[in-house]
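Architecture and fold: a report
Listed below, chain by chain, are the residues.
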Amino acid sequence: MAADDHEFGGQHTEIKLAIVEQYLKRYSAALHTWCDHVWYIDAFAGTGKRTVRVKAREGDLLEEPVPEQVEQRRGSAQIAIDIKPPFDRLIFMDMRHKHVAALLSLKAANTHLDISVLKGDANELIQKEIAWDGWKRTRAVMFLDPYGMAVEWATLEKIAATKAIDVWYLFPLAGLYRQAARDMSKIDTNKEAAITRMLGTDDWKTELYSKAKLAPTTDLLGYLDSDDTLQRNADVGALEQYVKRRLKSIFAEVLDPYPLPVVEKPQRFSLFCAISNPSAKAINLARSFGSDILKSTGRASRHRSGR
Ligand SMILES: C[S@@+](CC[C@H](N)C(=O)[O-])C[C@H]1O[C@@H](n2cnc3c(N)ncnc32)[C@H](O)[C@@H]1O
């Protein structure tokens, strides 16, 4: 493996990046007609490329065997760099030294663009530095593509408060349903804190759980023992709807999320688009881009999977 190889994700990664790329193209073209400061912020930027292993295929009567191939494809930072018309500024954040070095090489290779590379925890950087007067004349798209449950609610609140940033957030639904065990007594304090940090409230305990009357059992002495335990009654769809309601409590608009992966079950992610600018113009624009793209990508991926 080369020093800057970054292998992550699966087939859903292609779809996620295709959706975000479509949005960036439309956003940049439309916003540049009236705004001079159109930015892209990638808070979990990676290296600008991703290493994909294409599995070996056995041969048969008709086809030669194909050995495993390792391909380098574009990651989100490179995709944003390639958008035309270009963003007026691109900000890439990552906390891994090796990834920051790769991002600095991307900056050096694209001196015609205004690129800033910030090393550090995206939550800290955003919470400390995103509040700014300049948002009155600047618009941005931000991509939140974390590993796991890394995005804190306080970070989302700061982004929403700018009223200028559209966010694409790959929400880790599998992280949530693994931490939020069916039986609430199985959730330890660390897991409880992680869920609350991600959702910004502990009302998930009452929204997602209810008392389940278990069939009464008898104890050793023959007494009836009917225990009421708190059970998660929310399935994957209900968890996703709950997350959407939470986002809607701080953003002006939240589009219906795109479930990922498309073919394999269970669903592991929800790709959300949240709009912080409350103006009708901004919301309508984002809705029309977002829903067109989500629909067309949905059709394309269903077609690929033969459904
Ligand atoms: C899934 S990868 C992002 C991939 C990228 N969007 C792409 O398409 O190439 C997540 C990245 O977030 C970085 N990361 C993880 N935790 C972070 C944090 N708290 N703050 C900033 N970066 C973080 C990792 O080093 C990794 O590069």
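Residues numbered from 1 in each chain as written. Predicted model: local features only at pLDDT ≥ 70, side-chain atom pairs only at ≥ 80, totals over all residues. Heavy atoms only, no water.

A few words now on helix 3 (residues 97-109). An α-helix turns once every 3.6 residues. As a result, residues three or four positions apart point the same way. For helix 3, built from 13 residues, the straight-helix expectation of 18 Å at 1.5 Å per residue is met to within 8% by its first-to-last C-alpha distance of 19 Å. All buried positions along helix 3 are accounted for by His-99, Val-100, Ala-102, Leu-103 and Leu-106. For helix 3, the angular spread of the buried residues around the axis is 160 degrees, confining them to a single face. For helix 3, the exposed residues lying more than 90 degrees away from the buried face are His-97 and Ala-108. Residues of helix 3 that are buried sit in contact with helix 2 (76-81), strand 4 (89-94) and strand 5 (115-119). (Helix = DSSP H or I, 4+ residues; strand = E, 2+ residues; numbered from the N terminus. Expected span 1.5 Å × (residues − 1). Buried < 20%, exposed > 50% of the residue type's maximum accessible area, 1.4 Å probe, protein only. Arc of directions from axis to C-beta. Contact = heavy atoms within 4.5 Å.)

Let us look at the side chain of Thr-201. Along the polypeptide, Thr-201 turns up in the loop between helix 7 (189-199) and helix 8 (204-208). Ignoring sequence-local partners within four residues, the contact set of Thr-201 consists of Thr-196, Tyr-242 and Arg-246.

Okay, helix 4 (residues 122-129) next. Among all positions of helix 4, only Ala-122, Asn-123, Leu-125 and Ile-126 are buried. For helix 4, the arc enclosing every buried residue in end-on projection is 170 degrees, short of the 170-degree limit, so these residues lie on one face. Its side-chain oxygen placed 3.1 Å from the backbone nitrogen of Asn-123, Asp-121 serves as the N-cap of helix 4. (Polar contact = N/O pair within 3.5 Å; in protein donor to acceptor, adjacent residues only side chain to side chain.)

On to the site of the ligand, then. In the region of the ligand, 19 residues are neighbours, and Asp-94, His-99, Asp-121, Ala-122 and Asp-145 sit closest. Within the contact set of the ligand, an oxygen atom lies 2.6 Å away from a side-chain nitrogen or oxygen of Asp-94. A distance of 2.8 Å separates a nitrogen atom of the ligand from a polar atom in the side chain of Asp-121. Protein contact buries 94% of the 600 Å² of open area that the ligand shows by itself. Residue classes in the shell around the ligand are distributed as 9 nonpolar, 6 polar and 4 charged. (Near = heavy atom within 4 Å. Areas by Shrake-Rupley, 256 points an atom, 1.4 Å probe, with all protein chains shown as cover. Nonpolar A, V, L, I, M, F, W, Y, C, P; charged D, E, K, R; others polar.)

Across the 5 residues of strand 1 (residues 38-42), 5 count as buried, placing the element largely inside the fold. Across 5 bridges, strand 1 lies against strand 6 (residues 139-144) in parallel orientation. If you follow Trp-39 over to strand 6, its bridge partner there is Ala-140. Taken together, the 4 bridges between strand 1 and strand 4 define a ladder with parallel strand orientation. (Pairing = 2+ DSSP bridges.)

A few words on the packing of aromatic side chains. Here the structure, examined in full by the defined rule, presents 11 aromatic pairs. An angle of 80 degrees between the planes, with centres 5.7 Å apart, marks the rings of Tyr-23 and Phe-289 as edge-to-face. Taken together, the positions of Tyr-23 in helix 1 (residues 11-31) and Phe-289 in helix 10 (residues 280-304) put the pair 266 residues apart, joining distant regions of the chain. Residues Tyr-23 and Phe-289 agree in their burial class; the two are buried. Plain terms: the ring middles of Trp-132 and Trp-135 are 5.3 Å apart, the flat faces sit at 85 degrees to each other, and that makes the pair edge-to-face. The class for Trp-132 is partly exposed, based on a relative accessible area of 40%. For Trp-135, a relative accessible area of 6% translates into the label buried. (Phe/Tyr/Trp six-rings, centres within 6.5 Å; stacked < 30°, edge-to-face > 60°.)

Looking now at the environment of Ile-126. By the element assignment, Ile-126 lies in helix 4. On the basis of relative accessible area, Ile-126 is assigned to the buried category, the value being 1%. In sequence terms Ile-126 and Ile-159 are 33 residues apart; their C-alpha atoms lie 7.6 Å from each other. Setting aside residues up to four positions removed in sequence, Ile-126 forms contacts with Ala-43, Met-93, Met-142, Thr-155, Lys-158 and Ile-159.

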